[in-house]
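Each chain, written out:
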Amino acid sequence: MIRQPISRHWWIGLGVASVLLLVLLYTVFAGSRQATRRREQQRIAIESLQQLSQRAQELEQRRAEARRADNTQVLTQIARDAERLQIEKENALRDRDEPDAVDRTIPTWSMLYREGLLRTCIPQKKFARTELWILDDFKPTLIRLLTALVVGVLISVVIGLLMGCYDPVEAWFLPPFAFFSKVPATAVMPIFFAVVHINFKMFVAIIAFGMLPTLAQSISQCVRKDVPEELVFKAYTLGASQLELIWNVTFRQVLPRILDAARLQIGPALVLLVAAEWLVAGEGLGHRFRLSYQKTDMSVVYFYVFLLGVFGLAADYALIWIRRRICPWFGD
Amino acid sequence: MKHESVFGVLAVGLLAVAVGCNTGSNSENGGAKGGGANSGVSAKPPVFSLAWSEYPSWSVFGVAHEMGLLDGAEGKQGSVEKEWGVDIVLQEASYDSCLNAFTTRNYDAVCMTNMDALIVSPNRDGVAFLPTSTSNGADACIVVGINNLDELKPHKIYGLEATVSQYCFVRCIEEIEKQEGKGYQASEFQFTNQDPAIATAAMTQRQETHQAIMVWNPFVIQTQRERPDAKVLFDSSKIPGEIVDMVVVGRDVLERDGADLFTAAVIDTFYRMNEALDEPGTGDQALVALGEKFSNLSLADMKIVVEQTQFYKTPDEAIALLESDEFKQTMKTVEHFCVEQGLVSEPKFGFGKETGRQLLFDPSHIKAMQKLKAP
C-alpha cells in the first residue's frame, strides 16, 4: 500500500542512516584512493630501482675502463654520477619502503580539515599582504549574487505585475520573454563578455538576464490566477485607483508567490555565477575552483561545496521564514 | 480613461526595461575607465588594466601585488604605482581568455607571446613594449608511454590550438624532421584544442585519454612531478629564441592621458621584480611565490622553471632584443607559420616607430622609462 505513514523515530532514523552511509562511503572511497596512489608510487620506485642497479653496473664497468686508461677526468665525472645515482637510489628506496604520496582528488578527512578548513580560515602571510581565503573568495561572489538577485527580482516584479494587470504590456513582453526563457543563459555568456566587458556589472547582468524572462512570466501568471475577481471588483467599488489596487490588493496577494519564485531562482543564479567566475573572474568562488582543479588540490573545493550547500539551505529557510512573517495570510 | 492609463503604464514598463538594460550595459565607463578618470581635473590617478595569465615571467605581476609594489584593486595604489601616479588594475585570467579579452578591449594591456600578438593584431592594433622572457624548454610536449614521434601519431595531443603551443608543436616536428629525415609532417598528428591547465589536470589525474599534452610552464614541471612516469618528448629548446613572451598594450590606450606613465610603471615593476628575484634573501621566497598559485612546486623545481624561461632581466637586454636583426628574422619565421596555418591572412607588423602597422615591437617605452628614472 502506498503512502503508508511511518513513525517519527523512523523518519529521523532513516535520515541519519542515509547521511551516515554517505560519510562511510566517502571514507572508504578516499582511503582506497590513497592506497592506490601509494601502490603506484611503490611500483614506480621498484621499477626505477631495477633501472638504477643496471645503471650502477654500467657505471662500474666504465669506472674499471677509466682506471685502466688512467683517465682522471672521466673518473671524477663517474664519481659525480655515482653520487647522483646514490641519491636517486635513496629516494627510490624511501618511496618503496615508506610511500608518502597523497591523492588529492578525493582527500581524506584529515586532509579536508588541514587543507580545506584550516587553510581557508587562517590568514596566510604573502609578503606585504595577508590573504584570508574564505573571505577573499566568498565576499566577491556573495556581493555579486545578492546585487544580481535584488536587481533581477525588482525588475521582474515590476514587469511581471504590469504584465499580469494589463494586456498590452503582456502582449508586448511575452514574445521576447517566451523566446529568451528558452535560451540558456550560459550560452549567452560570451556575448556578455564581449559587449558588457568583464566587470562587476557583467556578472549582475548575466544573472539578471538569466532570471528575468522566467521570473517575470511566472509573476504575471500568478497575478492573473491568484488574485480573485471579487477582490478586484470589491476594491474598485470601494473607490480604489488603479495604482492603489495594484499596490494594496494585487501585490499583497501575489507577494508570497514572488518570494517563493525568487527563492527558487537562487540556485540557477549561483550556477551562472560560478560558471562565469570559472571562465573569466580573477577572484571569487569560481576562480578558486578553477585554481584548485588545476593543481588537483581538491580539499578546498569539497569544503566550499559543503559551505555552498549550507548556504543554500539557510537561504531557503530564511526566505520561507520571511514569507511566513510578512504574509501570514498565505499559511505554510 | 482606460486607454490613457494603459499607455501610461506601457511607458512605465518601457522605462523599467530601459533601466534594466542600463544596469547591464554601462559598458562604456566600465571598459574604458581611464578615459573619464584622467580627463577631468580630479586628482584621481588614471586607471589602466593589465591582464596576466599563469606563466613564470608574467606571474611576476601577481607577486608584485603580493609584495606591495602594485595593488591590483581599482582605486588602490602600490608603491610603484604611487611613484608613477597611475592606478593599475591587475586581472588574472586563463591565457586564451586574456587573448580574447584583449581584442574585445576588455583590458588595456595583456601578457602574450610574440606569435599570439601577431594573430590578434588584425582585431586590435597593439604595441609590444616589454619583452619579459623567452621560452627555452618552457613549452613542452609531455607524454606517457610514448617513446618517439611514430608512437605519438595515434594519440591525441591536447594543447591550446592556434596559439603558441601549436606553433611550438609544429616547429619542433619540423626541426626533428630536419635532423632525422623520416618524413614526419605536422599534419599527421592529432593536435586537439584544450586549455593547458585542464590538459595538465587531466594528465596528472591519470585520465586515460590524456597520453600526450603540449603545455607550458609551470604546467610542464608540475606534470612531471605529479606523474613520475611522464616524460618530455620534445620542447622549445629545439627552437631557441623563437617564442618571446611579452606585454602588449592596445594602440588606442596609448592615446589616453597618462599612458606613458602606465607603460613606465609596468616596465619599472618588472625590472624591480627581477632585482627582487636575484636578491639572496627574498629571492628564493619570491621564486616559489611565482609558481605557487598554480602549482605545488618546490624551490628546486622553480629554479628549473626559470632556467627554461630565460628572463630579460635588464632594460638593456630587452632593448637589444627588440632592436636585433635576429628577432626581426624570428618574426618572419613566425609570420610565415601563421599565414601558412591560416591563423592570420596579412599581418602587418613593424619595429620601432614604423607607421601603418597593426603590431609594433617598440623599445622606446623602456628607453623613456630609463630616461624618466635617471636622476
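Reading the values: rules and limits
Residues numbered from 1 in each chain as written. Chains lettered and ligands numbered in written order. Predicted model: local features only at pLDDT ≥ 70, side-chain atom pairs only at ≥ 80, totals over all residues. Heavy atoms only, no water. Pairing = 2+ DSSP bridges. Helix = DSSP H or I, 4+ residues; strand = E, 2+ residues; numbered from the N terminus. Axes fitted to C-alpha atoms, helices over the stretch in contact; angles between N-to-C directions. Contact = heavy atoms within 4.5 Å. Salt bridge = Lys/Arg side-chain N within 4 Å of Asp/Glu carboxyl O. Nonpolar A, V, L, I, M, F, W, Y, C, P; charged D, E, K, R; others polar. Polar contact = N/O pair within 3.5 Å; in protein donor to acceptor, adjacent residues only side chain to side chain. Expected span 1.5 Å × (residues − 1). Bend = angle between axes of the 7 residues up to and from the residue. Buried < 20%, exposed > 50% of the residue type's maximum accessible area, 1.4 Å probe, protein only. Domains from an automatic or database assignment.

## Quick look at the sheet that holds strand β6 (residues 156-159) of chain B
Residue and element names in this part refer to chain B.
Moving on, step 1. Taken together, the five strands give an open sheet; going across it, the order is β7-β6-β8-β5-β9, and neighbouring strands pair in mixed fashion. Each of the sheet's edge strands pairs with one partner strand only, and the pair in question is β7 (190-193) and β9 (230-235). Neighbour-to-neighbour, the strand axes of the sheet open up by a mean angle of 30°, direction not taken into account.
Moving on, step 2. The sheet contact formed by β6 and strand β8 (residues 212-216) spans two bridges and is parallel. Its bridge partner being in β8, Tyr158 is matched across the sheet by Ile213.

## Describing the interface of chain B and chain A
Moving on, step 1. The interface of chain B with chain A comprises 55 residues on the first partner and 41 residues on the second.
Moving on, step 2. For the interface between chain B and chain A, the tally reads five salt bridges.
Moving on, step 3. Where Asp71(B) meets Arg129(A), a salt bridge forms, and the shortest distance between an N and an O atom there is 3.1 Å.
Moving on, step 4. If you list the elements that add at least two residues to the side of chain B that touches chain A, you get α1 (2-24), α2 (27-31), α4 (56-67), β2 (87-92), α6 (95-103), α10 (196-204), α11 (219-226) and α14 (280-292) of chain B.
Moving on, step 5. Counting residues per element, the side of chain B that touches chain A draws most heavily on α1(B), which supplies 12 residues.
Moving on, step 6. Here the residues of the side of chain B that touches chain A sort into 23 nonpolar, 24 polar and eight charged.

## Quick word on the side chain of Thr296(A)
Moving on, step 1. Assignment of secondary structure puts Thr296(A) in the loop between α10 (285-294) and α11 (299-326).
Moving on, step 2. At 3.4 Å, the side chain of Thr296(A) and the side chain of Thr204(B) are in polar contact.

## Some remarks on helix α5 (residues 167-180) of chain A
Residues and elements named next belong to chain A.
Moving on, step 1. Under the 1.5 Å per step criterion, the end-to-end length of α5 is 20 Å for 14 residues, consistent within 8% with the ideal 20 Å.
Moving on, step 2. At Leu174, α5 shows its strongest bend, of approximately 40°, with the proline Pro175 following within four residues.
Moving on, step 3. When α5 is considered as a whole, its buried residues turn out to be Val169, Glu170, Phe173 and Phe177.

## As for the domain arrangement of chain A
The figure often quoted for interface size is the accessible area lost as the parts come together.
Moving on, step 1. In terms of domain boundaries, chain A breaks down into domain 1 (8-103) and domain 2 (126-330).
Moving on, step 2. Distance from the C-alpha centre of domain 1 of chain A to the C-alpha centre of domain 2 of chain A: 51 Å.

## Description of the pairing of strand β4 (residues 126-135) of chain B
As a general feature of sheets, a regular strand has side chains that alternate between the two faces.
All names here are of chain B.
Moving on, step 1. Most of β4 sits inside the fold, with 10 of its 10 residues counted as buried.
Moving on, step 2. Here seven bridges tie β4 to strand β10 (residues 244-250), and the two strands are oriented antiparallel to one another. Residue pairing in the sheet places Leu130 in a bridge with Val247 of β10.
Moving on, step 3. One ladder, built from three bridges, connects β4 with strand β11 (residues 309-311); its direction is antiparallel. Paired with Ser133 across the strands is Phe311, a residue of β11.

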